[in-house]
Amino acid sequence: MTIGVNFGGVMNSLMLQPHQEVPKEIIEADIRKFCGRFDLEPAASSGTIKGSVSAQPVGPFQTVGVALSHLRIIRDAQAIKRDPGEHFFLLTQRSGTSRVVQAGQEVVLKQGDMFLVDSTQASVFHYDQSLSHQLSFHIPRSEMLGRFGQSVKGGTTVSRDDPLWLAINAVISKMIDGQEHQSHLGEAFFNLLGGYFVGARNARDPSDSERLLSRALALIDQHCSNPDFGPSSLATSLNVSKRTLQRHFQPLGETPGQRILMRRLALAHRRLTGALIAGSKQTITDVILDCGFNDVSYFYREFRKKYGVAPGEVVTRH
C-alpha cells in the first residue's frame, strides 16, 4: 500500500520550475550556497541541467527545495576537508525518485521516503531520467548530536515500517503549511525523531552503556526544571558515581552538567518565545526561575552565549 504525503503548495519560494534548462554552473553555485561543497556531474554533455534550487526557512530549519534530473551530485573526502559539514540533511522525497549512497548503503527514495544525511560522511546523490523533487531540512549538527548522540552518524533511513514515520511526516506538513506555533512544531519534530532513534537502538539490542545514557537523558528531560537537580542527583538516581556518569556522556561530547544547562536554556527559550500572553503578570524572571535557574545573571550570560541575544529580545506576546 502506498501512503500519500501532502506537503502542501503554499510555499511559493519552494515551488520550483523543474522544466527550465539551467547552466550547470548556476545549479552548482546554488547548491554550494545553500548546502555546502558539492560537485555536480550532469549526464548530458550540453552543460545544462533541467531543474532548480531554492531555499526558505520552514519552522526552525533552513530548508532547500531541489528539483533535478539527469544528474549526479558528489560530496567526497576532499570536499569535506575544504568545507566541514555543520548540519545533518533530512531529505524528504516529494515526488519522483532518487538514490542516495552513504556509509556503504544505497537507498532508493520514493515519494514520502526520508533519509538523514550526515554531511561529514562522503555521499553520492543520483537523479535519473524522471524528475526528482525533494525538500532538504538542514538541522544543526550540534543540536542532533546533543540530543541523540552518535546513533545519528553515518546516514539513517527513516523507515515507513515504523509508526513514527507518519507522525514525522505530519509535523513536517504542518511546518511547511506555515501554521502557528512553529517553535512547538519544531520541538515535536525533535521529539519524534528522538523516539525513532531510541526505537532503532532498542531494535539492535543496545549495550548497557547506551541503556544508562538513554535513562540519563530521559531523567534530565523530566527533572531539568528542578533547580536542585544536578549531576550528583542524576548519578544517585542511576546508582552510579559521578565519574562513571561523565564517562557515559563522552560520546555526546558534553558533560552531564552541560546537558542539564542546555535543556534548561531550551526550555526557557521555548517559554519566552511562545508562552507569554498579553496582559499576563508573569515576568521573564518568573520564567527563568520556573526553568530551574537560581542565578538570574548566570542565566542571562548563558542565554546570550547560546542564542546570541538577550532573553527580552525573543519574547513574543500574543
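Structural data are supplied above this passage.
Residues numbered from 1 in each chain as written. Predicted model: local features only at pLDDT ≥ 70, side-chain atom pairs only at ≥ 80, totals over all residues. Heavy atoms only, no water.

**Overview of the packing of aromatic side chains**
Thinking step 1. Within this structure, the stated rule accounts for 11 aromatic pairs.
Thinking step 2. When the ring of Phe61 is compared with that of Phe190, the centres are 5.6 Å apart and the planes differ by 75°; the resulting orientation is edge-to-face. You can see Phe61 sitting in strand 4 (residues 61-68) and its partner Phe190 sitting in helix 5 (residues 182-203), a full 129 residues away along the chain.
Thinking step 3. Owing to a relative accessible area of 7%, Phe190 belongs among the buried residues under this scheme.
Thinking step 4. An angle of 45° between the planes, with centres 4.8 Å apart, marks the rings of Phe303 and Tyr307 as tilted. With Phe303 and Tyr307 both in helix 11 (residues 296-307), this residue pair falls 4 residues apart, about one helical turn.
Thinking step 5. What makes Tyr307 partly exposed here is its relative accessible area of 27%.
Thinking step 6. By the ring-pair criterion, three or more aromatic residues cluster together here, those being Phe293, Tyr298, Phe299, Tyr300, Phe303 and Tyr307.
Thinking step 7. If you follow Arg147 out to its NZ or CZ, it ends over the ring of Phe190, 4.2 Å from the centre.
Thinking step 8. The ring of Tyr307 carries the charged tip of Lys306 above its face, separated from the ring centre by 5.3 Å. (Phe/Tyr/Trp six-rings, centres within 6.5 Å; stacked < 30°, edge-to-face > 60°. Helix = DSSP H or I, 4+ residues; strand = E, 2+ residues; numbered from the N terminus. Buried < 20%, exposed > 50% of the residue type's maximum accessible area, 1.4 Å probe, protein only. Lys NZ or Arg CZ within 6 Å of the ring centre and 35° of its normal.)

**Comments concerning the side chain of Ser136**
Thinking step 1. The topology assignment puts Ser136 in strand 11 (residues 132-140).
Thinking step 2. Polar contacts involving the side chain of Ser136 include one to the side chain of His138, which spans 3.3 Å.
Thinking step 3. If sequence neighbours within four positions are ignored, Ser136 has contacts with Gln62, Thr63, Val64, Phe89, Leu90 and Leu91. (Polar contact = N/O pair within 3.5 Å; in protein donor to acceptor, adjacent residues only side chain to side chain. Contact = heavy atoms within 4.5 Å.)

**A word on helix 7 (residues 231-238)**
Thinking step 1. Of the residues making up helix 7, those classed as buried are Leu234, Ala235 and Leu238. Around the axis of helix 7, the buried residues are gathered within 100° of arc, so they sit on the same side.
Thinking step 2. Looking one or two residues past helix 7, Asn239 carries a phi angle of roughly 60°, positive in sign. (Arc of directions from axis to C-beta.)

**Concerning the sheet that holds strand 9 (residues 114-118)**
Thinking step 1. With antiparallel pairing, the 7 strands of this open sheet are ordered in space as 1-3-4-11-6-9-12. The open sheet has two free edges, formed respectively by strand 1 (21-23) and strand 12 (156-158), since each of these has just one partner strand. Geometrically, the sheet is characterised by an average inter-axis angle of 35° between neighbouring strands, direction not taken into account.
Thinking step 2. Set on the sheet, helix 3 (residues 141-148) makes contact with strand 6 (87-95), strand 9 and strand 11; between it and strand 11 the angle comes to about 70°.
Thinking step 3. Along the sheet face, helix 4 (residues 164-176) touches strand 3 (48-58), strand 4, strand 6, strand 9, strand 11 and strand 12 and points at about 80° away from the line of strand 9. (Pairing = 2+ DSSP bridges. Axes fitted to C-alpha atoms, helices over the stretch in contact; angles between N-to-C directions.)

**What to know about the pairing of strand 11**
Thinking step 1. Most of strand 11 sits inside the fold, with 8 of its 9 residues counted as buried.
Thinking step 2. With 7 bridges connecting them, strand 4 and strand 11 associate as antiparallel partners. Each residue of the ladder has a partner; that of Thr63, found in strand 11, is Phe137.
Thinking step 3. Strand direction decides the pairing type here: strand 6 and strand 11, joined by 8 bridges, are antiparallel. What sits directly across from His87, in strand 11, is Pro140.

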